[in-house]
Amino acid sequence: MGPDQHAQLDDFSLVLPFPYRIAVILVAGFWGWGVNLDYLRKAKIDVPALIRYPARQSPNQRPHHSSAYRLATLLTIPLLISLLVFWVVTHGSYERVESVDFIPQSYLIIFLVIIIWPFNRLSRSGRRRFLSSLKRVSVGGLAEAQDGKFGDVLLADALTSYAKVLGDVYVSFCMFFAPGISSTSKPNRHCGNDYVVPLIVATPSIIRLRQCLIEYFRVRRTGSKGGGQHLANALKYATAFPVIILSAKMRNYNPLDFYGFSEMTLGQLLVIFTLINSTYTFYWDLTKDWDLTFFTSSRGDKDHPYGLRRIRYFSSDRIYYVAVLVDLVLRFSWLSKFVPSLVWLTERESGIFILMSLEVARRWMWIFFRVETEWVRNTRGPAPHDILLGELNGKLDAD
């Protein structure tokens, strides 16, 4: 390990090195799901019914959100202990931070053990359901509506927001086992092979694309209309692939890889494809996932506030407008690289961590409105422009 590698570590990485940054975002997802379940329950939206999760059979059983909080707490306690031990051992020393990378790396193993270990009684049924759904969607599978298809869609969509985090998990272990480098050094996202990390990052989009195609062929088999919307949804996920490929090539530019295309040309292509992806996904969030009317002819109808919809479960209309603004800003957060005062967000590890955390937070916010929308569709019928992600197998009781 050369002396220049010590200089690559900034103060932020001394306090929260690479493996811990990954761990914090992973654990935050479990806390976020607990908050989703808790708040939606208070809004009279039955999330377990939507995802076809078994109802509690006894009042003595913990509510679903309490179980989620307990699992998140179990994941958080060893993380905090590990961090405290790491800080005591390293004292902010560059050499010590890089020499004891086994401390933060071991937490990632602990995290996996807690989630997977079958003899852990805490939230056992929830973890089993999560792992079985993860196994099914990992190959792009999709349950039937009565078996929890909507839960598979939510999980697979969440994975797209965790795509870069999953890539970093691989990078962290690759660096840990690679000779002459520490997993707490500056992240080497080319570790192992230039194609592995882009493939991992692309996998969640591949999963959702395949799910959309499964839905399309299901619709075709039944002879129903609307299958074209599933193809349009598949195209939305396909727009991520040029962005992933070009981003990977730009990090390690070689003119031979792109038939002599200049770095400037690749950069321009990257901007174009990223703009297409961000615009498409933002439109889809509002119009197809949340059933809002900003981009439809009914946006100014008198039966609902401008751009919203008639049936809304959340307490204030302002919440919807704030969510739209936040979604817009975070969908186009990549534009920060063109703002001199914000360039650090894409160049420093602290900035990259912030952007990755904000994407997970955006997905957490998205789930509130996506679940609310599905509840409205199931209890009041689909919107005229609904993508029909799930068949309406009977009406659920609104309470």
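Quick look at the structure, then.

Parameters at a glance
- Note that residues are indexed from 1 along each chain, following the sequence as it is written.
- In view of the model being predicted, local features appear only for residues whose pLDDT reaches at least 70, and side-chain atom pairs are presented and counted only at 80 or more, with totals across whole chains, interfaces and linings using the full set of residues.
- Side-chain measures here rest on the full set of heavy atoms in the structure, leaving out hydrogens and waters.
- Simply put, an axis is a line fit to the C-alpha atoms, just over the touching stretch for a helix, and the angle between two N-to-C directions goes from 0 to 180 degrees.
- Helix and strand assignments come from DSSP, with helices taken as H or I runs of at least 4 residues and strands as E runs of at least 2, each series counted from the N terminus.
- Should an angle lie under 35 degrees it is considered roughly parallel, over 145 roughly antiparallel, and from 65 to 115 roughly perpendicular; all remaining angles are considered oblique.
- The crossing is said to be left-handed when, going from far helix to near helix, the turn is anticlockwise and less than a right angle, and right-handed when the turn is clockwise.
- We call two residues in contact when some of their heavy atoms are within 4.5 Å.
- In this classification, Asp, Glu, Lys and Arg are treated as charged, Ala, Val, Leu, Ile, Met, Phe, Trp, Tyr, Cys and Pro as nonpolar, and every other residue, Gly included, as polar.
- A helix is expected to span 1.5 Å for every residue after the first.
- Relative accessible area decides the class of each residue, using a 1.4 Å probe on protein chains only: under 20% of the type maximum gives buried, over 50% gives exposed, and in between gives partly exposed.
- When we speak of the arc, we mean the arc of directions from the helix axis to the C-beta atoms.
- Side-chain atoms within 4.5 Å are what join buried Ala, Val, Leu, Ile, Met, Phe, Trp, Tyr and Cys residues into a set we call a nonpolar core.

### Here we look at the packing of helix α14 (residues 263-289) against helix α15 (residues 317-331)
No. 1: Put simply, α14 and α15 touch, their axes get as near as 10 Å, and they point 160 degrees apart. One finds that α14 runs roughly antiparallel with respect to α15. Judged by the twist between their axes, the crossing of α14 over α15 is right-handed. Residues Ser278, Thr281, Phe282, Asp285 and Leu286 of α14 touch α15, and the partners they reach there are Val324, Asp327, Leu328 and Arg331.
No. 2: In the contact of α14 with α15, the residues fall into four nonpolar, two polar and three charged.

### Overview of helix α12 (residues 227-238)
No. 1: With 12 residues, α12 extends 17 Å from end C-alpha to end C-alpha; this agrees with the ideal 16 Å at 1.5 Å per step.
No. 2: Those residues of α12 that fall on the buried side of the exposure criterion are Gly227, His230, Asn233, Ala234, Lys236 and Tyr237. Each buried residue of α12 sits inside an arc of 155 degrees when the element is viewed along its axis, so together they form one side.
No. 3: Summarising the contacts, the buried residues of α12 are in contact with α9 (149-161), α11 (196-222), α13 (240-251) and α14.

### What to know about the environment of Val89
No. 1: Within the element layout of this structure, Val89 appears in helix α5 (residues 64-90).
No. 2: For Val89, a relative accessible area of 36% translates into the label partly exposed.
No. 3: Those residues in contact with Val89 that sit more than four places away from it in its chain are Arg96, Val100 and Ile103.

### Quick look at the nonpolar core
No. 1: In terms of nonpolar packing, the biggest core is built from 43 residues, with Leu75 and Phe111 touching the most fellow members.
No. 2: No other element matches helix α3 (residues 18-42), which puts eight residues into this core.
No. 3: Other than its neighbours up to four places away in sequence, Leu75 contacts Val27, Phe30, Tyr107, Phe111, Ile114 and Ile115.
No. 4: Counting 32 residues, the second-largest nonpolar core is a separate cluster that includes Tyr320, Val324, Met365 and Trp375.

Nothing here speaks to function; it is all geometry.
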